Amino acid sequence: MRKFQLSLRMILLLAVIPAVVLAWRKPFQPKAMISPEGVLGGSKHGDADFVLMLENRGVLPIWYEGLPDSVEHFHFTYNPSSTSKSGSSIRYDTGIYRLNQGERVAIRVPHRYRVIAITVSTTVYDWRGRSAEVTSKELDIEFQGTQ
């Protein structure tokens, strides 16, 4: 009778296959956050921009659509609790850029109306190509500019 003998390669293979399957099936829940940074004057539209930052707080990198220094595909809602106005920013000459753990990138939202509060959301991607929406909480804006 022949004994059943496992080689080291077989043991490693038996351990790696379930790990890969589990990693592939895990849903994408990014640990990213959108937070306010300030107000930047003199945008291309003549008004000021609200500057927010998308920060990757997870261990694994995430990817965003935009330019190397800014997110260019995002949606925003002014005054979400009352008379809300919404819009989006989409540029077609952009690429997909990596955001590693702890890195931040700017989101510049144009100022158009009398704004009391704002929410901003953008789509991020993981290494598998899966997407998830990252949305800021309602941010109170103290802005002393034009209407």
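Further up the page is the structure itself.
1. Notes on the side chain of Glu-72
Then, number 1: Tracing the backbone through its elements, the reader meets Glu-72 in the loop between β4 (70–71) and β5 (74–78).
Then, number 2: We classify Glu-72 as buried; its relative accessible area is 12%.
Then, number 3: Here Ser-70 takes part through its side chain, which lies 2.6 Å from a polar atom of the side chain of Glu-72.

2. Examining the pairing of strand β9 (residues 117–125)
Two faces, one strand: in a regular strand the side chains alternate between the faces of the sheet.
Then, number 1: Here β9 lies mainly inside the structure; seven of its nine residues are buried.
Then, number 2: In this structure, strand β3 (residues 62–67) lies alongside β9, joined through two bridges in antiparallel fashion. Bridging from a neighbouring strand, Trp-63 pairs with Tyr-125 of β9.
Then, number 3: As paired strands, β5 and β9 are joined by five bridges and run antiparallel to one another. For Tyr-78, the partnering residue across the bridge sits in β9 and is Ile-118.
Then, number 4: Across two bridges, the pairing between β9 and strand β11 (residues 139–140) is antiparallel. Looking at the pairing, Ile-118 lines up with Leu-139 of β11.
Then, number 5: Across five bridges, the pairing between β9 and strand β10 (residues 131–135) is antiparallel. In the strand pairing of β10, Tyr-125 is matched with Ser-131.
Then, number 6: In sequence, β9 turns back onto β10 through a hairpin of five residues, with Gly-129 there showing a positive phi of about 90 degrees.

Criteria and cut-off values
- Residues numbered from 1 in each chain as written.
- Predicted model: local features only at pLDDT ≥ 70, side-chain atom pairs only at ≥ 80, totals over all residues.
- Heavy atoms only, no water.
- Helix = DSSP H or I, 4+ residues; strand = E, 2+ residues; numbered from the N terminus.
- Buried < 20%, exposed > 50% of the residue type's maximum accessible area, 1.4 Å probe, protein only.
- Polar contact = N/O pair within 3.5 Å; in protein donor to acceptor, adjacent residues only side chain to side chain.
- Pairing = 2+ DSSP bridges.

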